[in-house]
Amino acid sequence: MSGEASAHSFVPTYPELKPSYVEGILYTTMSLFNARKDVEYYEFGVFNAEWEKVPFAMQNKIMRVKHLEKKKIDIYIREKDKQEVVYICSKSKLIITGASKTSVSSRVCSKVK
């Protein structure tokens, strides 16, 4: 019996929010690398210290990232929500066909400075 453990990387580990070109909006650029052969879609989220969702914007909140592909992702947050933001996360989205296939979803989070 053999098994494989792999995940994805989502960096930087401690991103900083910077002013964007739009007044009142901050942003950070994250980079996602997909090391998983069984996953091509990732969902993104922004959370506070109690893991409650914080409003944010990006091009697509679910994005296709092929195996061994790397993508840069800009995440936009309102300046008034800056003090609430603690985590920016990516989560693999599984597409399971057939009842016998099992897979593990992975979530990787970065803590905002």
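The structure this text deals with has already been given above.
Described below are features of the structure shown in this document.

The rules we used
Residues numbered from 1 in each chain as written. Predicted model: local features only at pLDDT ≥ 70, side-chain atom pairs only at ≥ 80, totals over all residues. Heavy atoms only, no water. Buried < 20%, exposed > 50% of the residue type's maximum accessible area, 1.4 Å probe, protein only. Helix = DSSP H or I, 4+ residues; strand = E, 2+ residues; numbered from the N terminus. Pairing = 2+ DSSP bridges. Polar contact = N/O pair within 3.5 Å; in protein donor to acceptor, adjacent residues only side chain to side chain. Contact = heavy atoms within 4.5 Å. Disulfide = S-S within 2.5 Å. Axes fitted to C-alpha atoms, helices over the stretch in contact; angles between N-to-C directions. Core = buried A, V, L, I, M, F, W, Y, C linked by side-chain atoms within 4.5 Å. Salt bridge = Lys/Arg side-chain N within 4 Å of Asp/Glu carboxyl O.

1. Some points on the pairing of strand 4 (residues 41–47)
Of all seven residues in strand 4, five are buried; the element is thus mostly enclosed. Sheet analysis places strand 4 next to strand 5 (residues 62–64), joined by three bridges and oriented antiparallel. If you follow Tyr42 over to strand 5, its bridge partner there is Met63. In this structure, strand 4 lies alongside strand 7 (residues 87–93), joined through seven bridges in antiparallel fashion. Bridged to Glu43 within strand 7 is Lys91.

2. Things to note about the side chain of Ser110
Mapped onto the elements of the fold, Ser110 is located in strand 8 (residues 107–111). At 3.4 Å, the side chain of Ser110 forms a polar contact with the backbone oxygen of Phe10. Apart from the residues within four sequence positions on either side, Ser110 is in contact with Phe10, Pro12, Thr13, Pro15, Met30, Val86, Tyr87 and Ile88.

3. Topic: the state of the cysteines
Enumeration according to the criterion identifies one disulfide in this entry. Each sulfur in the disulfide pair Cys89 and Cys109 lies 2.0 Å from the other. Sign of the S-S torsion, about 110° for the bond between Cys89 and Cys109, identifies this disulfide as right-handed. On the criterion of sequence distance, the pair formed by Cys89 in strand 7 and Cys109 in strand 8 is long-range, its members being 20 residues apart. You can call Cys89 buried: its relative accessible area is 3%.

4. Digging into the sheet that holds strand 4
Taken in spatial order, the four strands make up an open sheet running 5-4-7-8, and their pairing is antiparallel. Only two strands of the sheet have a single partner each, and these edge strands are strand 5 and strand 8. Geometrically, the sheet is characterised by an average inter-axis angle of 25° between neighbouring strands, direction not taken into account.

5. Some details on the nonpolar core
Ranked by size, the top nonpolar core spans 21 residues in total, and within it Phe10, Phe44, Val46, Ile73 and Ile75 carry the most contacts. Breaking this core down by element, the ones donating at least two residues are strand 3 (25–34), strand 4 and strand 6 (70–78). In contact with Phe10, other than residues within four places in its own chain, are Met30, Ser31, Leu32, Phe44, Ile73, Ile88, Cys89, Ser90, Val108 and Ser110.

6. What about the pattern of salt bridges?
For the structure shown, the criterion picks out five salt bridges. Residue Glu40 pairs with Arg64 through a salt bridge whose shortest N-O separation is 2.7 Å. With Glu40 in the loop between strand 3 and strand 4 and Arg64 in strand 5, this residue pair connects regions lying 24 residues apart in the sequence. Of the residues examined, Glu40 reaches a relative accessible area of 30% and is grouped as partly exposed. Measuring nitrogen to oxygen at the nearest pair gives 2.9 Å for the salt bridge that ties Arg78 to Asp81. Taking relative accessible area as the criterion, Asp81 reaches 7% and is therefore assigned buried.

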